[in-house]
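Letter by letter, the chains look like this.
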Amino acid sequence: MASSSSRGLTFKLHPLVIVNISDHYTRVKSQLNLPPSLTSTSSAATSNNNNNNSNGGENNQQKPPRVYGCVIGVQRGRTVEIFNSFELIYDPSTRSLDRSFLEKKQELYKKVFPHFYVLGWYSTGSDAQESDMHFHKALMDINESPLYVLLNPAINPAQKDLPVTIYESELHVIDGVPQLIFVRSSYTIETVEAERISVDHVAHLKPSGGSAATQLAAQLTGIHSAIKMLNSRIRVVHQYLVGMQKGDIPCESSLLRQVSSLLRRLPAIESEKFQDDLLMEYNDTLLITYLAMFTNCSSTMNELVDKFNTAYDRHSRRGGRTAFI
Amino acid sequence: MDIEQNQAELIDNFVKQASAQKGTALGSVILEATSHPSLFAFSEILALPTVAELEGTENSVYLKVLQLFAHGTWSDYKSNCSSLPQLVPDQVLKLKQLTVLTLAETNKVLPYDELMMELDVTNVRELEDFLINECMYAGIVRGKLDQLRRCFEIQFAAGRDLRPGQLGSMIQTLSNWLGTSDNLLVSIQEEIKWADTMSELDKKHRKEVEDRVEEVKKSVSVKLQTVSRLKLSSEGSKISTLNLVE
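- The name given to chain B in an unreviewed UniProt entry is COP9 signalosome complex subunit 7 isoform X3, and the organism recorded there is Gossypium hirsutum.
- You can read under Sequence similarities (unreviewed entry) in the UniProt record for chain B the words "Belongs to the CSN7/EIF3M family. CSN7 subfamily."

- If you check an unreviewed UniProt entry, chain A appears there as COP9 signalosome complex subunit 6 from Gossypium hirsutum.
- UniProt, in the comment section headed Function (unreviewed entry), describes chain A in these words: "Component of the COP9 signalosome complex (CSN), a complex involved in various cellular and developmental processes."

**Examining the overall build of chain A**
Inference 1: The secondary structure content of chain A amounts to eight helices and 10 strands.
Inference 2: Looking at chain A as a whole, 33% of its 325 residues qualify as buried.
Inference 3: Within chain A, counting contacts between residues at least 6 apart in sequence, those at least 24 apart form 62% of the total.
Inference 4: In the structure as shown, chain A presents an accessible area of about 20500 Å², 57% of it carried by carbon and sulfur atoms.

**Here we look at the pattern of salt bridges**
Inference 1: In this structure the tally under the stated criterion is 14 salt bridges over all chains.
Inference 2: A salt bridge links A:Arg76 to A:Glu81; the nearest nitrogen and oxygen atoms lie 3.6 Å apart.
Inference 3: The exposure class assigned to A:Arg76 is exposed, which follows from its relative accessible area of 54%.
Inference 4: Its relative accessible area of 9% is what places A:Glu81 among the buried residues.
Inference 5: Of the charged contacts in the structure, one is a salt bridge between B:Glu153 and B:Arg149, with a shortest N-O distance of 3.2 Å.
Inference 6: Each member of the salt-bridge network shares a partner with another, and the members are A:Asp23, A:Arg27 and A:Glu87.

**Quick word on the packing of helix H7 (residues 89-106) of chain B against helix H9 (residues 124-136) of chain B**
Residue and element names in this part refer to chain B.
Inference 1: Interaxial distance between H7 and H9 falls to 11 Å at its minimum, and their mutual angle equals 95°. Taken together, the axis directions place H7 and H9 in an arrangement best described as roughly perpendicular. Contact with H7, carried on its side by Leu-93, Lys-96, Gln-97 and Val-100, involves Phe-130, Leu-131, Glu-134 and Cys-135 of H9 and no other residues of that element.
Inference 2: Taken together, the residues that form the contact of H7 with H9 break down as five nonpolar, one polar and two charged.

**Observations concerning the side chain of A:Glu170**
Residues and elements named next belong to chain A.
Inference 1: Tracing the backbone through its elements, the reader meets Glu-170 in strand E8 (residues 164-174).
Inference 2: On the accessibility criterion, Glu-170 (13% relative accessible area) is buried.
Inference 3: In terms of polar contacts, Glu-170 uses its side chain to reach the side chain of His-172, at 2.7 Å.

**Quick notes on empty space enclosed by the protein**
Vacant regions in the atomic arrangement are exposed by a probe of water-molecule size rolled over the atoms.
Inference 1: In total, this model carries six cavities of 30 Å³ or more according to the counting rule given.
Inference 2: Of the volumes computed, that of the largest cavity is approximately 60 Å³.
Inference 3: Forming the boundary of the largest cavity are A:Ser261, A:Arg264, A:Arg265, B:Ala104, B:Asn107, B:Lys108, B:Ile154, B:Gln155, B:Phe156 and B:Ala157.
Inference 4: Going through the elements one at a time, helix H7 (253-264) of chain A together with strand E3 (151-157) of chain B are the ones with two or more residues in the lining of the largest cavity.

**Quick look at the pairing of strand E9 (residues 177-185) of chain A**
All names here are of chain A.
Inference 1: Pairing geometry for E8 and E9, over nine bridges, is antiparallel. Residue Ser-169 lies in a different strand from E9, and its bridge partner there is Phe-182.
Inference 2: Linking E8 to E9, which pair antiparallel, is a turn of two residues; within it Asp-175 sits at a positive phi near 55°.

**A few points about the interface of chain B and chain A**
Inference 1: Listed per partner, the contact involves 46 residues of chain B and 43 residues of chain A.
Inference 2: For the pair chain B and chain A, the two sides together bury roughly 4200 Å², of which 68% comes from carbon and sulfur.
Inference 3: The closest approach of N and O atoms between B:Asp182 and A:Arg235, which form a salt bridge, is 3.4 Å.
Inference 4: There are four residue pairs in polar contact (both at pLDDT 80 or more) connecting chain B and chain A.
Inference 5: Going through the elements one at a time, helix H1 (2-20), helix H3 (43-46), H7, E3, helix H10 (166-226) and helix H11 (234-240) of chain B are the ones with two or more residues in the side of chain B that touches chain A.
Inference 6: By residue number, the principal contributor to the side of chain B that touches chain A is H10(B), which donates 21 residues.

**With respect to the nonpolar core**
Inference 1: Grouped together as the largest cluster of nonpolar side chains are 52 residues, with contacts concentrated most on B:Ile45, B:Val51, B:Leu115, B:Leu127, B:Ile140, B:Val141 and B:Phe152.
Inference 2: Element by element, the count of residues in this core is highest for H7(B), at seven residues.
Inference 3: Among residues more than four places away in sequence, those in contact with B:Phe152 are B:Lys108, B:Val109, B:Leu110, B:Tyr112, B:Leu115, B:Leu131, B:Met136, B:Val141, B:Gly143, B:Lys144 and B:Leu145.
Inference 4: In terms of nonpolar packing, the next biggest core, distinct from the first, is built from 22 residues, A:Tyr68, A:Leu102, A:Val118 and A:Phe135 among them.

**Considerations on helix H6 (residues 215-246) of chain A**
All names here are of chain A.
Inference 1: Between its first and last C-alpha atoms H6 spans 47 Å; for 32 residues at 1.5 Å apiece the expected length is 46 Å, and the two agree.
Inference 2: Buried within H6 are the following residues: Ala-217, Leu-220, His-224, Ile-227, Asn-231, Ile-234, His-238, Leu-241, Gly-243 and Met-244.
Inference 3: Backbone geometry just after H6 places Gly-247 at a positive phi near 100°.

How each quantity is defined
- Residues numbered from 1 in each chain as written.
- Chains lettered and ligands numbered in written order.
- Predicted model: local features only at pLDDT ≥ 70, side-chain atom pairs only at ≥ 80, totals over all residues.
- Heavy atoms only, no water.
- UniProt positions renumbered as here; feature names shortened; annotations may be inferred.
- Helix = DSSP H or I, 4+ residues; strand = E, 2+ residues; numbered from the N terminus.
- Buried < 20%, exposed > 50% of the residue type's maximum accessible area, 1.4 Å probe, protein only.
- Contact = heavy atoms within 4.5 Å.
- Areas by Shrake-Rupley, 256 points an atom, 1.4 Å probe, with all protein chains shown as cover.
- Salt bridge = Lys/Arg side-chain N within 4 Å of Asp/Glu carboxyl O.
- Axes fitted to C-alpha atoms, helices over the stretch in contact; angles between N-to-C directions.
- Parallel < 35°, antiparallel > 145°, perpendicular 65-115°, else oblique.
- Nonpolar A, V, L, I, M, F, W, Y, C, P; charged D, E, K, R; others polar.
- Polar contact = N/O pair within 3.5 Å; in protein donor to acceptor, adjacent residues only side chain to side chain.
- 1 Å grid on protein atoms, 1.4 Å probe; cavity = no way out; pocket = protein on both sides within 12 Å on 5 of 7 lines; lining within 4 Å.
- Points joined across faces, edges and corners; volume = space filled by probe spheres on them.
- Pairing = 2+ DSSP bridges.
- Buried area = accessible area lost by both parts, 1.4 Å probe.
- Core = buried A, V, L, I, M, F, W, Y, C linked by side-chain atoms within 4.5 Å.
- Expected span 1.5 Å × (residues − 1).

Shown next as structure tokens:
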């Protein structure tokens, strides 16, 4: 495989594609590991981070399964933007691609997104392989130069960037025989507003970095650093004014005017109405938390009572034990 | 602050003009400066040596006018009407704008009655027009007019020229602000620690409960094995699914 691509096409990848591929892989992997790790499959099914691997899959795996699918998007001039993806049925051992399924899916997607074309295909694995060329060639009748998006599902905590690579195919002459080889290309991530919100949401669910173990701590840490910055800025202004008073720094009236107008805005929030509103909202929140706790407790109690009744049944064959209620 | 940027050029202009001239000619410069619609800062001009020379001469009235515009209000003008020259309407307008700025220094919420008194305006409609057109559109004040409670809530007001004593009070306010934010930082830090310890405790507690459940399950399954086949009725399976009863 050559290591540079100079065709001048710029690629833009949407996070939706990455999430789709990882979801597909996770589902297939977890479905193969059913009995010994029931709990781990449920946890794997809910994992939807960008570059996640199902954690319970290590039990009886010889080799992680490869998933295949199609990526669709728009090509405008030299910019290729990959918006979405869907799965395909492909058997690597027989190298047969389910054409009818592909065509049906294409048709369905065409109805909803008339502008999207099949731009290429995706798969998972650590590196592009020779056998991938067959799939690549199979897709060449739909798109004359398809893209190959490869996701590496192995989690590497030291890795900083996304384990996604995009390959193009180029015709090179090797040993006198023209061959198609995969050429790596760079890409940028482009997000739509909806994607940004969901990625943001997921990123905040589990705070990164070991210092903040809970979400509350993470949020507080954010506020803490913001206030710290404000503090340092105020300190700078303070020292400036002190210097001006002592006479070390020549008085600059326009700056003083700005500072005085700034200080006039303090205290920023202090009025009776604000206090009332704040207390009201505080009380509401406390009340709702209390109510939720109540509901939780009563449901746990209910379960406990049910269990008691089941255990100490009035009509038990052993007799001698009475029901609880 | 955009007002300061707008004014910076004008101030430079006037400073150049004022330092080039003396005496009566200076008076006309001052007149022009105080009637200019976008100029609200006069301390640079006041600081010029040529202007300070006016003190004591027959042109000292101009100096007094400049000082009035730098630090005073409309009521100051009314009380000292005799010693000051007649102001042209532009200057009157500017002085009233500066009065609003001074009032904004002390309170964030200015009642209409006080404003009307200070600005010599008789009805609310005129007052509101003045506030909207002259103050808010000029950009020196930003706020909300509350007609029901008859007050003007100020969110932002441009700074006026500083009186000499004001620097000390500004430094005091800044150090108070610093102190409050430091305290806030410390308390947030404590909250973070509290959140962390509570989550640790919770995890430990959860783990302990699960360990106990495991133990109980093991002991119950041992009991089941010693019980005879007949007794392995539905109850037996129910007991083995109990969590915390034992």
